[in-house]
Amino acid sequence: MSDDNNNTERKRPNILVTGTPGVGKTATASLIAEKIGLKHINVGEVIKQHKCYEGHDAELDTHILDEDKLLDLMENMFQDCADENVGIVADYHSCELFPERWFDLVLVLRTSTENLFDRLTDREYSEKKRSENLEAEIMQVVLEEARESYDLEIVQEVQSNTVEDMESNVERCRVWMEQWIANNS
Ligand code: ADP
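Residues numbered from 1 in each chain as written. Predicted model: local features only at pLDDT ≥ 70, side-chain atom pairs only at ≥ 80, totals over all residues. Heavy atoms only, no water.

Digging into the packing of helix H1 (residues 25-36) against helix H7 (residues 163-184)
Helices that pack against each other are described as a pair by the angle of their axes relative to one another and the distance between those axes. How we decide: Axes here refer to lines fitted to C-alpha atoms; in helices the fit is confined to the stretch in contact. Angles between the N-to-C directions go from 0 to 180 degrees. Only DSSP runs of H or I reaching four residues or more are called helices, and only runs of E reaching two or more are called strands; each is numbered from the N terminus. Angles below 35 degrees are treated as roughly parallel, those above 145 as roughly antiparallel, those between 65 and 115 as roughly perpendicular, and all remaining angles as oblique. Whether a crossing is left-handed or right-handed is set by the direction in which the near helix is turned from the far one by less than a right angle, anticlockwise for left-handed and clockwise for right-handed. Only heavy atoms enter the contact rule, under which two residues are in contact if any of them lie within 4.5 Å.
Contact pair H1 / H7: the axes reach a minimum separation of 9 Å and the direction vectors enclose 45°. By the angle class used here, H1 and H7 are oblique. The hand of the H1/H7 crossing is right-handed. Between H1 and H7, the contacting residues are Ala27, Thr28, Leu31, Ile32, Lys35 and Ile36 on the first element and Met166, Val170, Cys173, Arg174 and Met177 on the second.

If you want it as structure tokens, here you go:
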């Protein structure tokens, strides 16, 4: 196995789509994958499928993430894709846990309070969980996390309120990827 899972040696770029739950990460990432030919990794699904849990937090009623298990699994996926010259678009509601070298673009989706309220209500989140997430979006917690964890040049904050926003975000990634490939070939 070659050791080219590194942003200076890969032939195709990797994108991370991040943001508060409900901003549209999975919908956007799957459209990016479809339209510009990247492999979609829905990190939340990987966690569930492979039971990357260390236990359960009774107070918060959530699983405790086994980060080492998740990162080992993902490292293999990234390596396999790099070996096959396939780019990845991953989506997750957090971004600081991943090695910086995995990603060439970090897209932080933002949504208005009204839209997020409606989407989280449709998802039947509890009032507590909904208000925690609304507050996190208002306080731009994930955007700050991205700015602290990655080179500022690769962090892009974009709106995700409408279907037109989603299409324009996909187009932005398409143009960006063409440029990345031209610069790295
Ligand atoms: P996340 O992965 O960030 O939790 P999802 O992709 O599951 O969010 O989207 C949550 C809901 O909002 C879905 O019903 C999705 O269709 C809708 N949605 C997401 N992004 C947009 C957008 N830009 N415009 C309109 N609806 C959207």
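Overview of the side chain of Asp104
This is how it is decided: Pairing of N or O atoms within 3.5 Å defines a polar contact, subject to two protein rules: one partner must be a possible hydrogen donor and the other a possible acceptor, and residues neighboring in sequence count only if both atoms are side-chain atoms.
Following the sequence through the fold, Asp104 ends up in the loop between strand E5 (88-92) and strand E6 (105-110). Of note is the side chain of Asp104, whose polar atom sits 2.8 Å from the side chain of Arg10.

Some words on the pattern of salt bridges
Side-chain pairs of opposite charge can arise where the charged atoms are in close proximity. Our working definition: Definition used for salt bridges: Asp or Glu carboxyl oxygen within 4 Å of a side-chain nitrogen of Lys or Arg. With a 1.4 Å probe rolled over the protein chains alone, any residue whose accessible area is under 20% of its type maximum counts as buried; one over 50% counts as exposed, and the rest are partly exposed.
For the coordinates displayed, the defined rule picks out 10 salt bridges. Across the pair Arg110 and Glu157 runs a salt bridge, and its minimum N-O distance is 2.9 Å. In this pair, Arg110 sits in strand E6 while Glu157 sits in strand E7 (residues 155-159), placing the two residues 47 residues apart along the sequence. Judged by its relative accessible area of 10%, Arg110 is buried. Here Lys128 makes a salt bridge to Glu132, at a shortest N to O gap of 3.5 Å. Highlighted residues: Lys128 and Glu132, both in helix H5 (residues 127-138), separated by 4 residues, approximately one helical turn.

Overview of the sheet that holds strand E2 (residues 39-42)
To keep it simple, the criterion reads: At least two DSSP bridges between two strands are needed for those strands to be called paired.
Pairing in this open sheet of 5 strands is parallel, and the strands run E2-E5-E1-E6-E7 from one edge to the other. Either end of the sheet is taken by a strand with one partner, and the two such strands are E2 and E7. Pairs of neighbouring strands in the sheet enclose a mean axial angle of 20°, with direction left out of account. As paired elements, E2 and E5 share 4 bridges and run parallel to each other. Considered in E5, the bridge of His40 is made with Val89. Strands in contact with H7 are strand E1 (15-18), E6 and E7; relative to E7, the strand with the most contacts, it is inclined by about 155°.

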